[in-house]
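# Summary of the model geometry
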Amino acid sequence: MYHCLPANLPGLQPPEPPGERLRRNGLTALHPVVLVPGIVTGGLELWEGRPCSDGLFRQRLWGGGFAEIFKRPMCWLEHLSLDNETGLDPPGIRVRAVSGLVAADYFAPGYFVWANLIENLARIGYEEKNMYMAAYDWRLSFQNTELRDQTLSRLKSKIELMYVINGHKKVVVVPHSMGGNYFLHFMKWVEAPPPMGGGGGPGWCAKHIKSIMNIGPVFLGVPKAVGSILSAESKDVAFLRAMAPGLLDSEIFGLQAMERVMRVSRTWDSLISLLPKGGESIWGNLDWSPEEDHVCDSGMRVYQQQFEAKPNDTNGRRVFQVQESTKYGSIVSFGNTPSEMGSQKQVSLGNDASPKSRASCGNVQTEYDEVSQETIRKISEERAYTADTLLDLLRSVAPKMMTRAEAHFSHGIADNISDPKYNLYKYWSNPLETKLPDAPDMEIYCLYGVGIPTERSYVYKLSPPGRCRSIPLQIDSSADGSQNGCLKGGVHFVDGDESVPVLSAGFMCAKGWRGKTRFNPSGIATHIREYKHKAPANFLEGRGLESGAHVDIMGNVALIEDVLRVAAGASGVEMEGDRIYSDIIKLSEKINIHL
Amino acid sequence: MPSLRRRRASGGEAVRAPDPDEKKPELRKPRKQQKWSCVDSCCWLIGCICVVWWGLLFSYNMMPSSFPQYVTEAITGPMPDPPWVKLKKEGLEAKHPVVFVPGIVTGGLELWEGHSCAEGLFRKRLWGGTFGEVYKRPLCWVEHMSLDNETGLDPPGVRVRPVTGLVAADYFAPGYFVWAVLIASLARIGYEEKAMYMAAYDWRLSFQNTEVRDGTLSRIKSNIELMVATSGHRAVIIPHSMGVLYFLHFMKWVEAPAPMGGGGGPDWCAKHIKAVMNIGGPLLGVPKAVSGLFSAEARDIAVARAIAPGVLDKDLFRIQTLQHIMKMTRTWDSTMSMIPKGGETIWGGLDWSPEQGYAVSKRKQNTNQSENAASTEDGNVEPNAKHAHYGRMISFGKDVAEADSSKIERIDFRDAVKGNNFGNNTCGDVWTEYHDMGISGITAIAEYKAYTAGDILDLLNYVAPKMMERGSAHFSYGIADNLDDPKYTHYKYWSNPLETRLPNAPDMEVFSMYGTGIPTERAYVYKQVPAAECYIPFQIDTSAVEEDKDRCIKDGVFTVDGDETVPILSAGFMSAKGWRGKTRFNPSGMKNYVREYDHAPPANLLEGRGTQSGAHVDIMGNFALIEDVMRVAAGATGDELGGDRVFSDIFKWSDKIDLPL
């Protein structure tokens with residue numbers, strides 16, 4: 001019966017796709033399009049594995065059905081890990097990125113990523129000849145994708161090819177999420193001389209690229225990355241968890257799900273590229289932060305008034321919250337004072353840390369096992385970490401990972417960008433330590449969703465000593481409520497697209513690159529296009545046509561229309577320039593960096 | 001779960017049902033018996049089936065994945081070691097990047113834009129995969145698979161494009177491998193996607209049109225350049241079937257100056273290609289293509305037919321299946337690339353053919369037989385010899401096929417006037433060019449009686465003028481007298497090995513690898529179909545059968561040695577003679593090797609399609625061939641492989657062909 005249904009019944013009256021309407025208005029394919037997927041969304045497949053992975057040759061380990069997680073969870077984790085020392089393949093295992101449009105059109109059956117955009121591009125005449133998915137292994141550091149798979153060379157060759165066979169039309173690049181950083185890295189790489197770079201020469205970008213349409217970019221990093229590295233607890237270290245909430249549950253990996261996940265994800269260098277960049281001058285310090293005036297929602301405003309109407313109630317606590325919550329600047333803070341925590345617990349934690357008891361917990365080890373309890377207690381006593389000191393914190397709790405990854409990524413702000421040290425590839429993906437290429441005709445767009453509370457900073461506490469808990473820190477989910485309603489479950493929220501705060505997505509386009517600055521010496525035009533989140537009206541609409549969420553925005557009709565227009569030849573001016581709903585301009589003004 | 005629930009439900013019924021009877025068992029014994037056998041046993045049956053089904057499903061899922069292999073080994077003894085086991089022990093490692101060039105039919109095609117009837121099929125495979133849509137909406141499918149009759153490109157509003165990446169042709173249909181085994185083997189010695197490239201192209205188009213429409217040749221060029229640059233080694237090219245012709249075209253294209261060519265310069269091939277390993281290449285065309293174009297009857301113009309025999313059955317398209325197929329395939333220019341090339345010089349005339357004297361039954365006693373045959377050939381004094389006239393590629397009537405040439409009266413058809421359109425509009429919307437010919441035209445064709453490879457071109461020009469007009473702009477079938485003639489720089493000659501030179505690359509190697517030992521279509525006996533209102537007016541005369549085993553005629557088809565699709569003459573001649581040494585077709589004298597793989601059918605059903613198969617597509621799973629490919633990819637030269645490896649009479653037959661070199 002299901003098969004006999006006419007194909008259009010389930011949709012009833014599907015709204016007309018934007019591509020169809022634009023085609024009627026005469027839009028046709030003009031510029032070749034390059035899609036650059038972000039972290040997590042790209043599929044990975046197995047090319048060589050251990051005996052336990054028998055029969056999975058060229059089957060997807062990541063993306064698709066995820067059936068193997070259930071069948072052989074340990075084997076799966078083992079194959080997704082990278083080598084702890086080199087950040088490359090462990091011996092005997094080769095897991096590679098799926099190539100082609102299938103790499104990231106759907107993340108899992110029915111869960112689209114790029115599929116909607118691809119379909120709409122196809123409606124105005126795109127096909128594989130002028131559309132390319134620059135799939136890469138998102139676990140590796142960016143330079144390592146070139147080292148191991150020659151992915152950057154491949155991308156260069158593809159762009160050159162499409163430029164030639166499509167009548168010398170420049171390409172429009174559409175990176176999503178971490179893809180924005182990846183493409184930033186690519187632009188520096190391609191113009192740098194070999195062997196470190198691609199040897200394309202200084203005019204390469206100007207010649208081949210028309211515009212870059214960053215969707216939900218994470219130029220300045222995301223606080224979420226901190227949470228996931230520190231305690232594997234970010235709300236979506238993988239979308240995975242949202243999609244199949246049971247997947248990472250304790251039952252599958254035994255008691256130590258978190259530990260194992262942490263161990264695997266800490267071998268992924270790319271996570272480090274997502275740490276907040278620019279330090280205190282961008283993200284604020286203990287005394288200020290650019291978003292400090294943010295008020296979370298109207299409901300909370302009422303709450304705030306009520307709160308102030310009763311000043312005498314729980315006076316001490318209120319003072320404490322005023323100190324803590326309005327200051328997003330401390331990305332990690334240990335909210336509970338040592339006295340509340342109780343020295344007794346700390347002592348027992350110390351006892352628990354003896355090697356013997358650890359051994360009884362099986363073979364799961366995280367780097368925390370190598371970090372002494374003394375250090376951890378010191379960490380918690382420090383009470384607050386800003387974007388600057390945060391890096392020190394991570395270095396002390398995850399020394400191996402940070403030494404490996406800091407050879408590939410940098411998180412500072414350049415004082416003198418002409419310093420020859422900035423020719424090193426570790427700076428290429430940090431917009432605050434590189435210049436944009438010399439391409440005055442190029443355009444850069446920042447397209448992102450707003451109107452969803454987004455993680456900005458965390459309140460941590462020491463884990464209660466458990467039998468096999470080897471992660472000593474965890475988010476203090478009891479820390480709740482605050483003056484402006486932005487603290488929930490131990491997390492401070494600001495405006496954003498659920499993953500990326502507007503600050504990170506929009507700052508470079510709003511200020512850092514706007515006009516001729518030292519980061520943008522040729523004065524490449526930048527445009528901000530924000531999309532206000534509107535939850536889907538009913539169940540049939542699926543993930544919504546006006547969503548602003550980090551991934552669901554790829555189905556946002558307005559965004560698709562913008563991308564299509566630019567691909568068909570429109571310039572930023574024809575697109576009516578900026579479209580802003582959030583406070584991004586105001587926020588940017590508060591940030592005082594030398595331009 | 002659903003099955004479990006159903007089982008419970010039905011089980012419950014089964015238990016409840018006998019209750020009323022048990023209250024008074026003594027009284028109603030006879031009736032109870034009756035009732036039991038009727039309703040209750042039904043319920044029990046359903047219950048049992050559900051339990052068994054569920055049980056099987058459960059145990060199937062619990063089965064270790066290597067279980068089928070245990071069963072196979074238990075029955076047949078241990079499987080032969082796959083080639084990579086040995087080669088990995090020898091220390092072979094990935095060295096040269098590898099390019100696969102798939103052949104006709106095996107590459108997947110997907111929909112990018114279609115008419116309203118194809119809704120919901122965006123980026124779904126129309127060709128390759130499960131072919132589910134053929135059943136669901138056959139006419140829509142045919143409409144989308146057809147190309148424009150005039151241009152040979154997309155019809156308006158339809159865009160069907162080749163699938164890209166290794167998935168394009170690893171499996172043709174689920175479980176039916178094409179390149180998958182080879183890919184898996186190469187992966188074992190360290191290959192992955194950065195050093196392996198599937199040069200997928202739209203196999204329906206003429207070769208030059210793939211560049212015009214999709215930029216496919218440029219894409220291949222750019223990919224090879226990239227792989228050579230990143231790996232530091234020249235590429236090994238592995239074309240299969242029509243891919244061989246396609247790559248021949250590519251090699252000329254890439255060195256030709258822009259805009260017609262790729263502008264790679266005269267030493268591009270020398271710089272980028274180490275070896276071309278042709279698998280089952282129809283370099284001189286296949287007779288099968290003729291029958292396919294002439295009457296849509298080839299045994300497998302599509303492998304599809306073999307896989308899903310019902311797909312092309314008549315009831316699907318009602319009575320006009322063949323016409324629909326013919327109409328569709330005649331819009332595919334690429335089929336014309338495989339019309340036999342070289343005319344009578346290669347394929348034989350009315351009275352002789354290179355394969356003359358070939359006898360299936362005696363093939364294994366190779367030496368004796370061939371000497372005998374040779375002696376009779378040389379004398380050429382056996383007018384009534386009992387050998388088949390393979391040179392007559394199409395003959396009307398079995399007697400014509402066997403008669404001596406002097407006894408055949410042929411009336412030239414070329415000037416015959418085509419009659420009026422004889423089928424008015426009763427045939428519906430199905431239209432083949434036959435309807436323009438009229439009865440007199442058809443009769444004239446039958447009157448000509450016997451067609452050689454040279455005549456066939458005229459024949460096709462006559463019966464399908466539009467198609468041939470389109471095709472002749474893209475392909476040529478002759479033999480060049482003077483290769484320096486500037487006309488040969490035109491792209492229509494590039495895929496004909498008899499009208500082009502190999503590139504100037506003395507270090508490059510060419511391998512011709514193909515299966516032998518399977519009867520392969522070589523010539524046809526046709527008959528005229530009476531009452532040709534809505535039918536194709538010609539058919540293979542399947543009544544033409546010969547008992548004598550040596551005569552190789554069955555169901556109206558003369559067969560010779562080959563790989564089921566390509567006769568060895570077509571696959572092997574160029575490497576055995578045409579390109580061997582320094583010839584005018586191979587001025588730089590690049591080395592040529594013939595590697596034959598004798599067909600051995602799979603020992604039993606469990607072996608699948610066999611590890612020693614020589615059949616046209618199944619050969620891709622042949623362990624000996626895979627080993628050769630892996631060795632060359634890892635750096636071996638042709639001499640290190642052991643030079644030629646020949647089972648058939650290819651060298652003898654090649655000698656008989658009198659071609660100035």
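Residues numbered from 1 in each chain as written. Chains lettered and ligands numbered in written order. Predicted model: local features only at pLDDT ≥ 70, side-chain atom pairs only at ≥ 80, totals over all residues. Heavy atoms only, no water.

Residues and elements named next belong to chain A. The six strands are arranged E7-E1-E8-E9-E12-E17 in an open sheet whose pairing can be described as parallel. If you trace the sheet from one side to the other, it starts and ends with strand E7 (131–133) and strand E17 (525–532), each paired once. Across the sheet, the mean angle from the axis of one strand to that of its neighbour is 15°, orientation sign disregarded. Relative to strand E12 (residues 443–450), strand E9 (residues 209–215) is paired through five bridges, and the arrangement is parallel. Across the sheet, the residue bridging to Ile212 is Ile444, located in E12. Of the strands in this sheet, strand E1 (33–36), strand E8 (171–175) and E9 touch helix H7 (residues 178–191), which is tilted by about 150° from E9. (Pairing = 2+ DSSP bridges. Helix = DSSP H or I, 4+ residues; strand = E, 2+ residues; numbered from the N terminus. Axes fitted to C-alpha atoms, helices over the stretch in contact; angles between N-to-C directions. Contact = heavy atoms within 4.5 Å.)

Turning our attention to helix H5 (residues 142–149) of chain A. Residues and elements named next belong to chain A. Within H5, seven of the eight residues are buried, leaving the element largely enclosed by the surrounding structure. All of the buried residues along H5 are Phe142, Gln143, Asn144, Thr145, Glu146, Arg148 and Asp149. The inward-facing, buried residues of H5 abut strand E4 (94–97), helix H6 (151–165) and H7. Positive phi appears at Gln150, one or two residues downstream of H5, with a value of about 55°. (Buried < 20%, exposed > 50% of the residue type's maximum accessible area, 1.4 Å probe, protein only.)

The interface is formed by 33 residues belonging to chain A together with 31 residues belonging to chain B. Of the roughly 2,800 Å² buried where chain A meets chain B, counting both sides, 47% is carbon and sulfur surface. Here chain A and chain B share seven salt bridges between them. Residues A:Glu127 and B:Arg159 are paired through a salt bridge, measuring 3.0 Å at the closest nitrogen-oxygen approach. The interface formed by chain A and chain B includes 20 residue pairs in polar contact (both at pLDDT 80 or more). Mapped by element, the contributors of at least two residues to the side of chain A that touches chain B are strand E2 (44–48), E4, helix H4 (115–123), H5 and H6 of chain A. Counting residues per element, the side of chain A that touches chain B draws most heavily on H6(A), which supplies six residues. (Buried area = accessible area lost by both parts, 1.4 Å probe. Salt bridge = Lys/Arg side-chain N within 4 Å of Asp/Glu carboxyl O. Polar contact = N/O pair within 3.5 Å; in protein donor to acceptor, adjacent residues only side chain to side chain.)

On to the nonpolar core, then. In terms of nonpolar packing, the biggest core is built from 161 residues, with B:Phe100, B:Trp127, B:Trp179 and B:Ile224 touching the most fellow members. It is helix H11 (residues 242–255) of chain B that provides the largest number of residues to this core, a total of ten residues. Those residues within four positions of B:Trp179 in sequence are excluded, and the remaining contacts are B:Phe100, B:Val101, B:Pro102, B:Ala169, B:Asp170, B:Met198, B:Ile238, B:Pro239, B:His240 and B:Met620. By size, the runner-up hydrophobic cluster in this structure holds 156 residues, among which are A:Met133, A:Ile379, A:Ala387 and A:Leu393. (Core = buried A, V, L, I, M, F, W, Y, C linked by side-chain atoms within 4.5 Å.)

Residues and elements named next belong to chain B. At a minimum axis distance of 9 Å, the contact between helix H9 (residues 207–214) and H11 shows a crossing angle of 65°. Considered as vectors, H9 and H11 are oriented roughly perpendicular to each other. Residues Phe207, Gln208, Thr210 and Glu211 of H9 pack against Met242, Leu245, Tyr246, His249 and Trp253 of H11. A breakdown of the residues in the contact of H9 with H11 according to their chemical character gives five nonpolar, three polar and one charged. (Parallel < 35°, antiparallel > 145°, perpendicular 65-115°, else oblique. Nonpolar A, V, L, I, M, F, W, Y, C, P; charged D, E, K, R; others polar.)

Our focus in this paragraph is the state of the cysteines. All names here are of chain A. Scanning the entire structure with this criterion turns up three disulfides over all chains. Here Cys446 engages in a disulfide with Cys509; their sulfurs sit 2.0 Å apart. Taking the sign of the torsion about the S-S bond as the criterion, the disulfide between Cys446 and Cys509, at about 70°, is right-handed. Residue Cys446 is located in strand E12, and its partner Cys509 is located in helix H22 (residues 502–512); the two are separated by 63 residues in the primary sequence. (Disulfide = S-S within 2.5 Å.)

Moving on, we come to the packing of aromatic side chains. Within the structure shown, the criterion is met by 38 aromatic pairs over all chains. Each residue in the set A:Trp62, A:Trp76, A:Phe107, A:Tyr111, A:Trp138 and A:Trp268 is aromatic and connected to the rest through ring pairs, giving one cluster. (Phe/Tyr/Trp six-rings, centres within 6.5 Å; stacked < 30°, edge-to-face > 60°.)

Here A:Pro194 and A:Pro195 are connected by a cis peptide whose omega angle stands at 5°. With respect to the element layout, A:Pro195 can be found in the loop between H7 and helix H8 (204–208). In this structure, the amide linkage connecting B:Ala258 to the following residue, B:Pro259, adopts the cis form with an omega of 5°. Inspection of the secondary structure assignment puts B:Pro259 in the loop between H11 and helix H12 (268–272). Of note, the phi angle at A:Gln150 is positive, near 55°, even though the residue is not glycine.

Now for the sheet that holds strand E8 (residues 235–239) of chain B. Residues and elements named next belong to chain B. The parallel open sheet is built from six strands, whose spatial order is E7-E1-E8-E9-E13-E18. The sheet is open, and its two edges are formed by strand E7 (196–198) and strand E18 (591–598), each paired on a single side. For this sheet, the mean angle separating the axes of adjacent strands, direction not counted, is 15°. Bridge count for strand E13 (residues 509–516) against E18 is eight bridges, and the pairing is parallel. If you follow Thr516 over to E18, its bridge partner there is Asp598. This element, H11, spans strand E1 (98–101), E8 and strand E9 (273–279) of the sheet and lies at about 150° to E9. Lying over the sheet, helix H22 (residues 568–578) contacts E13 and E18, oriented at roughly 155° with respect to E13.

This part takes up the pattern of salt bridges. When the charged atoms of two side chains with opposite charge come close together, those side chains can pair. Residue and element names in this part refer to chain A. As enumerated under the stated definition, the model contains 48 salt bridges over all chains in all. Linking Lys156 and Glu160 is a salt bridge whose minimum nitrogen-to-oxygen distance equals 3.7 Å. Of this pair, Lys156 and Glu160 both sit in helix H6, separated by four residues, roughly a single helical turn. We note a salt bridge from Glu455 to Lys224, for which the minimum N-O separation is 4.0 Å. Residue Glu455 is found in strand E13 (residues 452–462), and its partner Lys224 is found in helix H9 (residues 223–231); the two are separated by 231 residues along the sequence. Of the two residues, Glu455 and Lys224, neither departs from the other in class, the shared state being buried.

Residues and elements named next belong to chain B. Most of helix H8 (residues 180–188) is tucked away: seven of the nine residues are buried. Taken together, the buried positions of H8 are Ala180, Leu182, Ile183, Ala184, Ser185, Leu186 and Ala187. Once H8 finishes, Gly190 follows within two positions and takes phi at roughly 110°, a positive value.

Next up on the list: the pairing of strand E14 (residues 518–528) of chain B. All names here are of chain B. Counting buried residues along E14, eight of its eleven residues qualify, which places the element largely inside the surrounding structure. Note that E14 and strand E17 (residues 557–562) share six bridges and pair antiparallel. Within E17, the residue paired with Tyr524 across the bridge is Val557. Judged from the three bridges that link them, E14 and strand E15 (residues 538–540) form a sheet pairing that is antiparallel. Across the sheet, the residue bridging to Gln528 is Phe538, located in E15.

Moving on, we come to the confidence of the model for chain B. All names here are of chain B. Averaged over every residue, the pLDDT of chain B is 78; residues scoring 70 or more account for 74%. Contacts from residues 1–29, a stretch scored under 50 in pLDDT, to residues over four places away or in other chains number 16 contacts. Confidence drops under pLDDT 50 across residues 361–385; counting only partners more than four residues distant or on other chains, this segment forms 25 contacts. In the predicted assembly, ipTM is 0.83 and pTM is 0.84. (pLDDT = per-residue confidence, 0-100.)

Another point: the side chain of A:Arg96. Tracing the chain through its elements places A:Arg96 in strand E4. Of the polar contacts made by the side chain of A:Arg96, one reaches the side chain of A:Asp89; its length is 2.8 Å. Of the polar contacts made by the side chain of A:Arg96, one reaches the side chain of A:Asp149; its length is 3.5 Å. Those residues in contact with A:Arg96, other than ones at most four positions away along the chain, are A:Gly43, A:Leu44, A:Glu45, A:Trp47, A:Asp89, A:Arg148, A:Asp149 and B:Glu192.

The next thing to look at is the confidence of the model for chain A. In the predicted model, chain A carries a mean pLDDT of 78, and 77% of its residues have values of at least 70. A low-confidence stretch, residues 1–12 of chain A (pLDDT under 50), is modelled with three contacts involving residues beyond four sequence positions or located in other chains.

Turning our eyes to something else, we now look at the environment of A:Thr151. By secondary structure assignment, the location of A:Thr151 is in helix H6. Considered as a pair, A:Thr151 and A:Ala134 are 17 residues apart in the sequence and their alpha carbons are 8.2 Å apart.

The subject of this paragraph is the pairing of E17(B). Residue and element names in this part refer to chain B. Of all the six residues making up E17, six are buried; the element is thus mostly covered by neighbouring parts of the structure. In this structure, strand E16 (residues 553–554) lies alongside E17, joined through two bridges in antiparallel fashion. Looking at the pairing, Lys554 lines up with Val557 of E17. With antiparallel pairing between neighbouring strands as the criterion, E16 and E17 make up a hairpin whose turn holds two residues, including Asp555 at a positive phi of roughly 50°.

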